[in-house]
Number of protein chains: 2
Amino acid sequence: MQDMLRNIAALIDEKDGFTVITHVSPDGDALGSSFALYGALLQLGKRAQVVCEDEVPRAYRFLPWAEAVLTPENALQTEYVISVDCADRQRLGSAVRLFDGAQDTVNIDHHGTNIGFAAHNAVAPKAAAAGEMIAALLAMLPVRVDESIATCLYTAIMTDTGNFAYNNTKPETLRCAAALLAAGADNTDIYRRIYAAVPYRKQKLMGCALSNMTLFAEGKIALTYLHLADYERYGAESADSDGVVERLRDIEGVEIAVFIREQAENVYKVSMRSKIAADVSRVAAELGGGGHKHAAGGTVHGTATETQAKTVALCESALKEVWKEL
Amino acid sequence: MQDMLRNIAALIDEKDGFTVITHVSPDGDALGSSFALYGALLQLGKRAQVVCEDEVPRAYRFLPWAEAVLTPENALQTEYVISVDCADRQRLGSAVRLFDGAQDTVNIDHHGTNIGFAAHNAVAPKAAAAGEMIAALLAMLPVRVDESIATCLYTAIMTDTGNFAYNNTKPETLRCAAALLAAGADNTDIYRRIYAAVPYRKQKLMGCALSNMTLFAEGKIALTYLHLADYERYGAESADSDGVVERLRDIEGVEIAVFIREQAENVYKVSMRSKIAADVSRVAAELGGGGHKHAAGGTVHGTATETQAKTVALCESALKEVWKEL
């Protein structure tokens, strides 16, 4: 990684006129990494812009330079374009036009599937986040990692490691995070802004869902439901029950989690998660829906009781499939 | 901290026959720190035992040496006693008898309120966890921090920093955690065991707590409570409501979170967390308890209604203090 980055550092040092592009549906690593690089370019006195096809999600608008992001339509063509955290060209969205129009291109990414689609490529699958690579890159340049840059990079690393809980977290990752704290990143503030600003109505809805929860199949199925009246009581919308089904899945011994949400009279949305072996996409298919093995859903027309009975029966069959295979 | 620990390291190196005591209602730092120290003493060939008045909560039973913990009744009197993570003598519970019977005593702790109640005291309020102090202590001894010791210390630091989200997390804290990963601690496994294998009864209790939750002071105080009957209904113990107060603190706009737990008839344990500026240790002091600015607690004798009214009034004063200072 060091050698690949050294060439890119030399290019940045020598040239001028850069566009930093990150991927569509940007996450904390995409935004934190590209903002940190953009801030560093400005600090070096370079002409630069940062581009993303999609809007910055609300949770990340506290990041320094979040307001500087341009859409591809509003961006100028520059000689040099740097793609950050993009596994392939498609991830650039319509900003790929700027990439293709550049004189020279750079690709900085940590996805193992990245084939190196630019003229200069730094692809480090062992890096927990693109932010870890940008931190290494900036260390090769006459850039002072100030509080703003440190905040962006800490956010990048924190979000891509699930707050240091995923197994991509390496000793180097924590050492990098330590250096960013020392440079002025405020871990508590960043954590709070991203993970700890849950609306009250959402917590009340969670309380209701957990209170309604029951177990089936000797504790292997956890099921809960919320009625339209529950949402109305707390002034909540359907997005406020995001996370309910994952909370059920994280229960000891549970293999399938089911969350049934009333959408309209006698219309129920069924969301399912499986922990290890069960395939809930098969259950979803039976309900006229779809999804993946570990996350799927469908819709049932009928009463609440009918919906629950039907779903539990299908989930029990899915569990029997697993037992047969084992 | 280094000087205080060096004396203790010398004592450990020279002497033999140690009892490591940690506090009643032990948490991840109490257990992880004392187990790591106990494991290190055994590795040094010392005669040693580890003592706690209360049982190891289920979530921490995966820790190396968890099965070695003795109750004060089953422990032998030794010449040397080391108190770990105990802010005062009371936190030793009935194990204080062993402490008082010792020829020489050691107190290793990171609570600011610790007055130094032993013959040899290492009190480092800047340490995020007692585990950070034990790591520094072991570095002064001919101890190899193996996977077992690293697992205990990582657990100690992870839990006392709220998985590195609290502002007690310093660059040194992350560097210490990095070294523990390098020594073999498995961050994903430890995280999953403590945070993502939640007992069903614990989630039901959380549902009950969130349903009971109300807001005060225009949404700046979130308060909830659990009665002994709630614990009985789900076959839960007091440790099963760990995390309730943090869930309240993580609500948008909440500055102080309060969790009131019935301990016995007309005896309530009050746990508090503050998000940014309020000092809940002052509130705790008024309740005859203690703690830190952002995490503190105390005990109230009275009815549930009296406890709630008293606590809310004190928290409202603490909020006014903040507004005055701003």
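Below you will find a few notes about this structure. On a predicted model such as this, the values are computed, not experimentally measured, just so you know.

1. Re the sheet that holds strand β4 (residues 104-109) of chain A
All names here are of chain A.
Alright, step 1. With parallel pairing, the 5 strands of this open sheet are ordered in space as β2-β1-β3-β4-β5. Both outer strands of the open sheet, β2 (48-51) and β5 (120-123), are each paired with one neighbouring strand and no more. On average, adjacent strands in this sheet sit at an angle of 15° to one another, irrespective of strand direction.
Alright, step 2. Summarising the sheet, strand β1 (residues 18-22) and strand β3 (residues 80-84) pair through 5 bridges and their orientation is parallel. Bridge pairing links Thr 22 to Val 84 in β3.
Alright, step 3. In the packing of helix α4 (residues 130-138) onto the sheet, contacts are made with β3, β4 and β5, and the angle to β4 comes to roughly 120°.

2. Topic: the sheet that holds strand β8 (residues 256-264) of chain B
Residues and elements named next belong to chain B.
Alright, step 1. Taking strand neighbours across the sheet as the criterion, the 6 strands line up as β6-β7-β8-β9-β11-β10 in an open arrangement whose pairing is mixed. Since the sheet does not close on itself, it has two edges, and those belong to β6 (214-216) and β10 (290-291), each with one partner.
Alright, step 2. Note that β10 and strand β11 (residues 295-301) share 2 bridges and pair antiparallel. By the bridge assignment for β11, Gly 290 is matched with Gly 297.
Alright, step 3. Docked against the sheet, helix α8 (residues 200-212) engages β6 and β7 (221-226), running at close to 130° with respect to β7.

3. Quick notes on the packing of aromatic side chains
Alright, step 1. Throughout the structure, instances matching the rule amount to 9 aromatic pairs over all chains.
Alright, step 2. Taking the centre distance of 5.6 Å and the plane angle of 40° together, the rings of A:Phe18 and A:Tyr80 count as tilted. In this pair, A:Phe18 sits in strand β1 while A:Tyr80 sits in strand β3, placing the two residues 62 residues apart along the sequence.
Alright, step 3. Exposure remark for A:Phe18: the relative accessible area of 0% places this residue in the buried category.
Alright, step 4. Here B:Tyr154 and B:Phe164 contribute two aromatic rings whose centre-to-centre distance is 5.9 Å and whose plane-to-plane angle is 70°, an arrangement assigned as edge-to-face. Pair noted here: B:Tyr154 is in helix α5 (residues 147-160) and B:Phe164 is in the loop between α5 and α6 (171-182), with a separation of 10 residues, a long-range link. Across this residue pair, the class does not change: B:Tyr154 and B:Phe164 are buried.
Alright, step 5. Taken together, A:Tyr154, A:Phe164, B:Tyr154 and B:Phe164 form an aromatic cluster joined through their ring pairs.

What counts and how
Residue indices follow the written sequence of each chain, beginning from 1 at its first position. Lettering for chains starts from A, numbering for ligands starts from 1, and both go in the order in which the items are written. Per-residue local features are limited, in this predicted model, to residues with pLDDT of at least 70; the limit for side-chain atom pairs, both in listing and counting, is 80 or more; totals at the level of whole chains, interfaces and linings are taken over all residues. The side-chain values count all of the structure's non-hydrogen atoms but skip hydrogen atoms and water molecules. Strands were regarded as paired on the criterion that DSSP finds at least two bridges between them. Secondary structure elements follow DSSP: runs of H or I of four or more residues count as helices, runs of E of two or more count as strands, with numbering from the N terminus. Helix axes are fitted only over the stretch in contact, all axes being lines through C-alpha atoms; the angle between N-to-C directions runs from 0 to 180 degrees. Residues count as neighbours in contact if any of their non-hydrogen atoms are within 4.5 Å of one another. Pairing of aromatic side chains requires ring centres within 6.5 Å, counting the rings of Phe and Tyr and the six-membered ring of Trp. Pairs whose planes differ by under 30 degrees are stacked, by over 60 edge-to-face, and all others tilted. Exposed residues in this analysis have more than 50% of their type's maximum accessible area, buried residues have under 20%, and partly exposed residues fall in between, with area computed by a 1.4 Å probe over protein chains only.

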